[in-house]
Amino acid sequence: MVHPNPVFRAQVLGAGPTGALAALALARAGWQVRICDPLPASALLERNRAYAFSHSSQRLLSQMGLWSSLEQVMVPFRRLELVDLAVERQVGFTPADLGPGPANAPPSATLSSTAVGWIAQHQQLLPPLLAALAADPAVVLELGSPPAQSSLPPPDLVVAADGPHSPSRAALGIGALHWAYSQNCLTCLVQLRGSANDQAWELLRPEGPFAVLPLGDGIFQLVWSAPARRCRQLESLGDGAFLDALAGALPDGLQPDALLDAPRAYPAGLLLAHSLHRGRTVLVGESGHRCHPVGGQGLNLCWRDVAQLQRLAGQVVAGRLAVERLPAAYGRRRWPDLLLTLLATDLLVRLFSNRSPLLLPIRHLALVLLARLPPLRQLALAAMTHGPCQLLRQ
Ligand SMILES: Cc1cc2nc3c(=O)[nH]c(=O)nc-3n(C[C@H](O)[C@H](O)[C@H](O)COP(=O)(O)OP(=O)(O)OC[C@H]3O[C@@H](n4cnc5c(N)ncnc54)[C@H](O)[C@@H]3O)c2cc1C
């Protein structure tokens, strides 16, 4: 049954980057929202990592009126160098390769098309999101404690944004497909010479993909994928030996000068929940899926979940969708993007993390065609920045 004008209430579990944005998105759609996380704000902010953001995330932030505050912490990159070191070919992507963007994009999206993408550090990204939550009268923010017992009736919707080990997913008995890559991802901050401050790199190396992400002033975040044993060995090196190993891994011309924090490795995995909803609960962000960090898709995919959730929450408020149908509608609409993105990242890792003599000529040809054919570059960049479903719509 479609309700005419009631107030809809949501409980968001998890105040990581996905839960925080989902709570804001629901509040902007006209819902009353409680968001909780067992971690206090200090622990939520502590994480040392940087995310790559694509135009799909920028568009959502613009639509939610958050871009003007978050733009301050987003470092734009205007060139992305894709280098296959095994075949020694390189392709540069620039804003000219972005194409017109999705047909439904608001005009504001074109204002930012001078960037191929953006990088933001977790410690700078989360504070404005938490501040926006604290300032929103439709949001109750409860950090540092488990969900409080409420005398209110159960919420209309529970948004489980409680991460890849989601207790909600387990409690609901939703199984998941798990795949642990043999690669780990080592992240750290370094000072580099030889790259422009607005240039990002995706290096395809036989031991795994390697992203070099600009944070301004010659500082770069590295996301270095390599076999788990190699990552453990790199973690244990002193600064000098680590910089030597890094210099050996980077292409000629890129030179590391200083290591700015301790390298830390985390396991790379693929995860896909068997269902994205049960009862009133929807799985949003890494509680429902996780992919290899190649191509910087992870958080953008999580935030496209949020974009879909916000559209459906708006339809509920407008009386065009019964609230009890929202979870299933969300699940149905997210599958194509999730499947295609997980498949594409997995294929990239398998095709490029080797020196297979059978694959090298195909990779060589692919890079040559990308370098020579602007429409092909546009297709590749559209898939990365708007999501692979964008290709099906073109
Ligand atoms: C060590 C490490 C390093 C990483 N480095 C990078 C990187 O450099 N670049 C990059 O792009 N990505 C990186 N990632 C991946 C990135 O962190 C995730 O894509 C992103 O955090 C997903 O956001 P999320 O909000 O969905 O989940 P999370 O960030 O995991 O947030 C889940 C939240 O749910 C909370 N929670 C747990 N249980 C409950 C409960 N019962 N009730 C309520 N809340 C609960 C948790 O406290 C947590 O705050 C890294 C991941 C790890 C593990």
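Residues numbered from 1 in each chain as written. Predicted model: local features only at pLDDT ≥ 70, side-chain atom pairs only at ≥ 80, totals over all residues. Heavy atoms only, no water.

1. What to know about the overall build of the protein chain
Test applied: The way it works is that DSSP assigns letters per residue, a run of H or I at least four long becomes a helix, a run of E at least two long becomes a strand, and they are numbered from the N terminus. Here the globule rule reads 2.2 Å times residues to the power 0.38, and the radius of gyration is calculated from C-alpha atoms. Contact definition: two residues touch when any of their heavy atoms are within 4.5 Å. All accessibility values rest on the Shrake-Rupley procedure with a 1.4 Å probe; residue burial counts only the protein chains present in the view. Under the convention used here, Asp and Glu are negative, Lys and Arg are positive, and both His and the chain ends fall outside the count. Charge positions are represented by NZ for Lys, CZ for Arg, CG for Asp and CD for Glu.
Helix and strand counts for the protein chain come out as 14 helices and 18 strands. Expected size for 394 residues packed as a compact globule is a radius of gyration near 21 Å; at 21 Å, the protein chain falls within 12% of this value. When the backbone C-alpha atoms are referred to their principal axes, the protein chain occupies close to 65 × 45 × 40 Å. Excluding contacts between residues fewer than 6 apart, the proportion of contacts in the protein chain whose partners are at least 24 apart in sequence is 75%. Accessible surface computed for the protein chain: about 17,000 Å², of which carbon and sulfur atoms make up 58%. Distance between charge centres in the protein chain, computed from 32 positive and 26 negative side chains, equals 8 Å.

2. Considerations on unusual backbone geometry
Formally: Three labels apply to residues, based on accessible area from a 1.4 Å probe with only protein chains included: buried if under 20% of the type maximum, exposed if over 50%, partly exposed otherwise in between.
At Glu-88, a position not held by glycine, the phi torsion is positive, near 55°. Here Glu-88 lies in the loop between strand S5 (79-84) and strand S6 (89-93). Phi is positive for Asp-217, which is not a glycine, with a value near 55°. Along the chain, the position of Asp-217 falls in the loop between strand S12 (208-216) and strand S13 (219-227). Under the relative-accessibility criterion, Asp-217 is labelled exposed at 66%.

3. Regarding the packing of aromatic side chains
For clarity, the cut-off: We call Phe, Tyr and Trp rings a pair once their centres come within 6.5 Å, taking the six-membered ring for Trp, and we label the pair stacked below 30 degrees between planes, edge-to-face above 60, and tilted otherwise.
Taken as a whole, this structure holds six aromatic pairs when the rule is applied. Pairwise contacts between aromatic rings join Tyr-51, Phe-53 and Trp-303 into one cluster.

4. Description of the pairing of strand S1 (residues 9-13)
Here is the rule: The criterion for strand pairing is that DSSP finds at least two bridges linking the strands in question. Looking down the strands as they point away from the viewer, one classifies a crossover as right-handed if the path from the first strand across the helix to the second runs clockwise.
Burial of S1 is extensive: four of the five residues sit out of reach of the surface. Two strands pair when backbone bridges link them, and S1 and strand S2 (residues 32-37) are joined in this way by five bridges, in the parallel orientation. If you follow Leu-13 over to S2, its bridge partner there is Cys-36. In this fold, S1 hands off to helix H1 (residues 17-28), which returns the chain to S2; that crossover is right-handed. Bridge analysis of S1 against strand S9 (residues 157-160) gives four bridges, and the strand direction is parallel.

5. So, the confidence of the model for the protein chain
We count it as follows: A residue's pLDDT is the predictor's confidence in that residue, given on a scale from 0 to 100.
The pLDDT averaged across the protein chain works out to 93; a share of 93% of its residues lies at or above 70. Note on residues 107-111: pLDDT under 50 across the span, and three contacts to partners over four residues away in sequence or across chains.

6. Quick notes on the state of the cysteines
Two cysteines whose sulfur atoms are joined by a covalent bond form what is called a disulfide. Selection criterion: The term disulfide is used for any two cysteine sulfur atoms that are within 2.5 Å.
Scanning all chains against the criterion turns up zero disulfides. Cysteine Cys-36 shares no disulfide, and the gap to the nearest cysteine sulfur, in Cys-302, comes to 18 Å. What makes Cys-36 buried here is its relative accessible area of 3%. Of all cysteine sulfurs in the structure, the one in Cys-231 sits closest to Cys-185, which takes part in no disulfide; the separation is 7.0 Å.

7. Quick look at the sheet that holds strand S3 (residues 50-53)
Hydrogen bonding along the main chain pairs the strands of a sheet, whether they run parallel or antiparallel. Filter applied, for reference: Whenever a helix is involved, its axis is fitted only over the stretch in contact; in every case the axis is a line through C-alpha atoms, and angles between N-to-C directions fall within 0 to 180 degrees.
Read across the open sheet, the three strands follow the order S3-S7-S4; overall the sheet is antiparallel. Two strands in the sheet have a free side with no partner beyond their single neighbour: S3 and strand S4 (75-77). With direction set aside, neighbouring strand axes in the sheet form an average angle of 25°. Examined bridge by bridge, S3 and strand S7 (residues 117-121) share four bridges and lie antiparallel to one another. Bridge pairing in S7 links Phe-53 to Trp-118. Most of the contacts of helix H6 (residues 122-135) go to S7, to which it runs at about 85°, and overall it touches S3 and S7.

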